[in-house]
Amino acid sequence: MKANVLEQAKTLMRRRKFYFAIKLLEQNSHHYQGSFEYYLALGTSCLYAGDIGNAQKYYQMARGIKINDEELLLGQAAIFLHKGNTKRALEYYLNILDMAPNNETAHVGLNFIRNYHDYTEICKIVDTGEIKRFYPPLGINPDVVRNCVFLGLLLGIIASIFIVKCSPFDKKDKQPSSAASGYEALALNSLEKRAASGDELAGGGVTYFVLSDEQINASYTKALNLFKQKRENASLVEVNRILASNASSAIKEKARTLREEIFKDGKTHADVIPEFSTLKDNFTYEEVNANRVLFKDCFVVWVGKVANIENNEDGSWKCTFLVYNKEFNKFFGFLTVNFLASQPPVNEENPIMILGRVKEVNSSLELDGKIVYQSVKNKDLYDLLKSVGL
């Protein structure tokens, strides 16, 4: 039994279930006192979970037992990179390549430091989660392999049904919902709530919101509750607030995971674009323009007129959008809207309503246009605005 715990934890790590791996290992700590593999597994799990402080602690304990280990050195190099200490990270990568000249992760880390050693660039890869490519590799996720096998079997079964022309039969989907367990995994534990702020990377020009522990906990709880209520737009605002705040790495990691689920189909995981009638929370031009960080990637519905339309051969087009209030007696400002897909012809003379996604390009506010509505009769536009609550 004792020997199996470590293997179970490593399996959980390969499945990217780091919180469960940490819990399992910590519950069995009395069996693994002085074990290099135990401290190494805990350190790597904490690193992927965003708990940099404990990752550093467990790696240091492992280093007291064994120094020359590729996974250990990769993990410690990643921590130095997290903190912006590129000099120490470089030393560790060179040590790894002395032992294993073909270590791909060390080569990638080395090239990154040589090309992007500026602290601002490091902050960017931390905030986006791209820094994980410098973490000790975990191998192929067995869940992905399993799902591919199941998908192949399922396709085979479907093909067989069509071949033999079986009659369809009714069945109710009684599979246990994964939503509850997913929400539970995203919820903050007591340790994360107590240490909600104080991340090593707080400050340094990347923190827009300095929040107390109570404010961070309240904002994250609100984001999760709004997500459960299918109010994705409002949930995304709170997630953006946390990611641009002094919240801990552990909470930011969970916030990034939650962010990846927003505006996604729960079953297929495909992107879902809201419509005029399904957008539950809208934000004004003034709100968005005053705090672009907070409303990044949110969907908005604004009314106004377009100008300077530019059509491309591939069907994409862009325009200048002059944003007004719905009565068209107050002008808010103008911005560029980019449409990747072709749309029905747009008349620059008539009022228009656009649903788009907020972006910031070269310090300028822009929209990724998704849907347009325009009528020759202003009354039709006003009726639509009223029907969607604008």
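Preceding this paragraph is the structure being described.
Just so it is clear, the structure is predicted and the values come from calculations on it, not from any experiment.

(A) Region of interest: the overall build of the protein chain. Secondary structure summary: the protein chain contains 16 helices and five strands in total. Long-range contacts, defined here as pairs at least 24 residues apart, represent 60% of the contacts in the protein chain between residues at least 6 apart. Roughly 21,700 Å² of accessible area belongs to the protein chain as shown, and the carbon and sulfur atoms make up 52% of that amount.

(B) Summary view of the pattern of salt bridges. Enumeration according to the criterion identifies 14 salt bridges in this entry. The residue E253 makes a salt bridge to K132 at a minimum N-O spacing of 2.3 Å. Residue E253 is found in helix α14 (residues 249–261), and its partner K132 is found in the loop between α8 (119–128) and α9 (142–164); the two are separated by 121 residues along the sequence. Judged by relative accessible area, E253 falls into the buried class, the value being 12%. Since its relative accessible area comes to 27%, K132 is described here as partly exposed.

(C) View of the nonpolar core. Membership of the largest hydrophobic core comes to 52 residues, with the highest contact counts inside it found for Y220, I251, V288, W302, F321, L335 and I354. When residues in this core are grouped by element, the largest group, six residues, is from strand β1 (residues 299–311). If we ignore the near neighbours within four places in the chain, the residues touching L335 are Y285, W302, C319, T320, F321, V323, L365, E366 and L367.

(D) Structural context of the packing of helix α12 (residues 213–228) against α14. Where α12 meets α14, the closest approach of the two axes is 11 Å, and the angle between their N-to-C directions is 20°. On the basis of the axis angle, α12 is roughly parallel to α14. In the packing of α12 onto α14, the handedness of the crossing is left-handed. Taking contact as the criterion, the partners of I216, N217, Y220, A223, L224 and F227 in α12 are, on α14, I251, K254, A255, L258 and E261. Of the residues assigned to the contact of α12 with α14, the class counts are eight nonpolar, one polar and two charged.

(E) Structural view of the pairing of β1. Where β1 meets strand β4 (residues 352–361), six bridges bridge the pair, whose relative direction is antiparallel. Its bridge partner lying in β4, W302 is registered against I354. The sheet contact formed by β1 and strand β2 (residues 317–324) spans seven bridges and is antiparallel. Bridging across to β2, E310 finds its partner in K318. Connecting β1 to the next strand, β2, in antiparallel fashion are five residues, including G315 with a positive phi near 95°.

(F) Examining helix α7 (residues 104–115) more closely. Its twelve residues place the ends of α7 17 Å apart at the C-alpha level, agreeing with the 16 Å of an ideal helix rising 1.5 Å per residue. Buried within α7 are the following residues: T105, A106, G109, L110, F112 and I113. Around the axis of α7, the buried residues are gathered within 160° of arc, so they sit on the same side. Turned more than 90 degrees away from the buried face of α7 sit E104, R114 and N115, all of them exposed. Turning to α7, the residues buried within the fold contact α5 (70–82), α6 (86–99) and α8.

(G) Geometry of unusual backbone geometry. Positive phi is not limited to glycine here, since R16 has a value of about 65°. Looking at where R16 falls in the secondary structure, it is placed in the loop between α1 (2–14) and α2 (18–27). On the accessibility criterion, R16 (38% relative accessible area) is partly exposed. Positive phi, close to 60°, is recorded for F328, a residue that is not glycine. As for its position among the elements, F328 is in the loop between β2 and β3 (331–339).

Scoring rules and cut-offs
Residues numbered from 1 in each chain as written. Predicted model: local features only at pLDDT ≥ 70, side-chain atom pairs only at ≥ 80, totals over all residues. Heavy atoms only, no water. Helix = DSSP H or I, 4+ residues; strand = E, 2+ residues; numbered from the N terminus. Contact = heavy atoms within 4.5 Å. Areas by Shrake-Rupley, 256 points an atom, 1.4 Å probe, with all protein chains shown as cover. Salt bridge = Lys/Arg side-chain N within 4 Å of Asp/Glu carboxyl O. Buried < 20%, exposed > 50% of the residue type's maximum accessible area, 1.4 Å probe, protein only. Core = buried A, V, L, I, M, F, W, Y, C linked by side-chain atoms within 4.5 Å. Axes fitted to C-alpha atoms, helices over the stretch in contact; angles between N-to-C directions. Parallel < 35°, antiparallel > 145°, perpendicular 65-115°, else oblique. Left-handed = near helix turned anticlockwise from the far one by under 90°. Nonpolar A, V, L, I, M, F, W, Y, C, P; charged D, E, K, R; others polar. Pairing = 2+ DSSP bridges. Expected span 1.5 Å × (residues − 1). Arc of directions from axis to C-beta.

Function cannot be inferred from these measures alone, as they are strictly geometric.
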